[in-house]
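Breakdown of the fold
For reference, the chains in residue letters:
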Amino acid sequence: MQAMLGLVFLYGLWTRQLPLLVNAGTMLGITFLPAVLERDYGIPIEPGLALWITSAVFLHALGTVGLYDVLSQWDTLTHLYSATVIAAAGYTTLRVIHLHVPSVYLPPWAMFAFTIVFVVAMGVAWEILEFFADQSARHLGVEAVLAQRGIDDTITDMLFNAVGAVLVATWGTTYLVRLSDTLAAFLEDEMDG
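Residues numbered from 1 in each chain as written. Predicted model: local features only at pLDDT ≥ 70, side-chain atom pairs only at ≥ 80, totals over all residues. Heavy atoms only, no water.

1. Focus: the packing of aromatic side chains
For the record, the criterion: Pairs were defined over the aromatic rings of Phe, Tyr and Trp, the Trp ring being its six-membered one, requiring ring centres within 6.5 Å. Orientation was assigned from the angle between planes: stacked under 30 degrees, edge-to-face over 60, tilted for the rest. Relative accessibility under 20% of the residue-type maximum defines a buried residue, over 50% an exposed one, and the middle range a partly exposed one, all with a 1.4 Å probe and only protein chains included.
In total, this model carries three aromatic pairs according to the counting rule given. For the ring pair F131 and F132, a centre distance of 5.5 Å and an interplane angle of 70° mean the geometry is edge-to-face. Owing to a relative accessible area of 51%, F132 belongs among the exposed residues under this scheme.

2. So, the confidence of the model for the chain
For clarity, the threshold we go by: Note: pLDDT gives the predictor's confidence per residue, expressed from 0 to 100. Secondary structure follows DSSP: runs of H or I at least 4 residues long count as helices, runs of E at least 2 residues long count as strands, and numbering of each begins at the N terminus.
Of all residues in the chain, 99% have pLDDT values of 70 or greater, and the mean over the chain is 88. Least confident of the elements in the chain is helix α7 (residues 151–192), whose mean pLDDT is 85; most confident is helix α6 (residues 108–140), at 92.

3. Description of the nonpolar core
Stated precisely, the cut-off is as follows: Among the buried residues, those of types Ala, Val, Leu, Ile, Met, Phe, Trp, Tyr and Cys that are joined through side-chain atoms within 4.5 Å form a nonpolar core. Domain segmentation is taken from an automatic or database assignment of domains. Note on contacts: a residue pair is in contact if any heavy atoms of the two residues lie within 4.5 Å.
Counting residues in hydrophobic clusters, the biggest one holds 23 residues, and the most contacted among them are L49, W52, L176 and L179. Of all elements in the fold, only α4 (47–70), α5 (74–100), α6 and α7 reach the threshold of two or more residues within this core. Two domains each put at least three residues into this core: domain 1 (1–70) and domain 2 (72–192). Once you skip the residues sitting within four places of it in the chain, L179 turns out to touch I43, P44, I45, L49 and T92. Listed in part, the six residues of the second largest apolar core include L5, L28, V57 and A61.

4. Focus: the domain arrangement of the chain
Applicable threshold: Throughout, the accessible surface (probe 1.4 Å) given up by two parts as they are put together, summed over both, is called the buried area. Basic side-chain nitrogens of Lys or Arg form a salt bridge, by our definition, when they fall within 4 Å of a carboxyl oxygen of Asp or Glu.
With domains assigned, the chain is organised as domain 1 (1–70) and domain 2 (72–192). The centre of domain 1, based on its C-alpha atoms, is set 18 Å off from the matching centre of domain 2. Counting residues at the interface gives 24 residues for domain 1, matched by 22 residues for domain 2. Between domain 1 and domain 2 the total buried area reaches about 2000 Å² when both faces are included, carbon and sulfur atoms providing 70% of it. The largest contributions to the domain 1 side of the interface with domain 2 come from W52, L59 and Y68, which together make up 33% of the buried area. On inspection of domain 1 and its partner domain 2, the count reaches one salt bridge. Note that R149 is salt-bridged to D69, the shortest N-O span being 3.6 Å.

5. Examining the packing of α6 against α7
This is how it is decided: Fitted lines through C-alpha atoms serve as axes, helices being fitted only where they are in contact, and the angles separating the N-to-C directions of these axes extend from 0 to 180 degrees. These descriptions rest on fixed angle ranges, namely under 35 degrees for roughly parallel, over 145 for roughly antiparallel, 65 to 115 for roughly perpendicular, and the rest for oblique. Each crossing is labelled by how the near helix is turned from the far one, with a counterclockwise turn of less than a right angle marking it left-handed and a clockwise turn marking it right-handed. Gly is put with the polar residues, along with every residue not named as nonpolar or charged; the nonpolar set is Ala, Val, Leu, Ile, Met, Phe, Trp, Tyr, Cys and Pro, and the charged set is Asp, Glu, Lys and Arg.
Relative to each other, α6 and α7 sit at 155°, their axes nearing to 9 Å. Looking at the two axes, α6 sits roughly antiparallel to α7. Crossing of α6 over α7 shows right-handed handedness. Taken together, the residues of α7 that come into contact with α6 (itself represented by F112, T115, I116, V119, V120, G123, V124, E127 and E130) are D153, T154, D157, M158, N161, A162, A165, V166, A169 and T170. When the residues that make up the contact of α6 with α7 are grouped by side-chain class, the tally is ten nonpolar, five polar and four charged.

Below you can see the structure in the form of structure tokens.
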């Protein structure tokens, strides 16, 4: 997947397509995040988690190559899948705080609710960013790095962001317990050391 993203980046550079260049470069950088966390911080990232993160950004990069225009549901798929990654990050962060800070107790229902609210809030921030990027590009007369395709697109994106959040909050949290425990132990070691 990294090789494909590298090729998309090079194609964007060769054809001078700023949206391809920015999206592929950003997505390629994100694919290195699991390896950096493992190498630099000693946080074990299992292959399934690395694949989860990498495939989310890979699907988005494929969309920028043209699948967003060719397949009408590609945007929905990428929002749903990316929302699961964001939900996992939000849940894991909150669980680490829950485990690491003795004064913080969060019952399971609060973890569930936070995961959904976190994803919806990140989705709103993303849609606002998308809107400003699109409007700025129009005013500057350049191709938009992020495109806003109207209110129907925004509402559909938000709906599928919420679906992804509910999926992770309902079934994905058991998968993330080990990662949360590892991160909490890492923080504890850092505070002691």
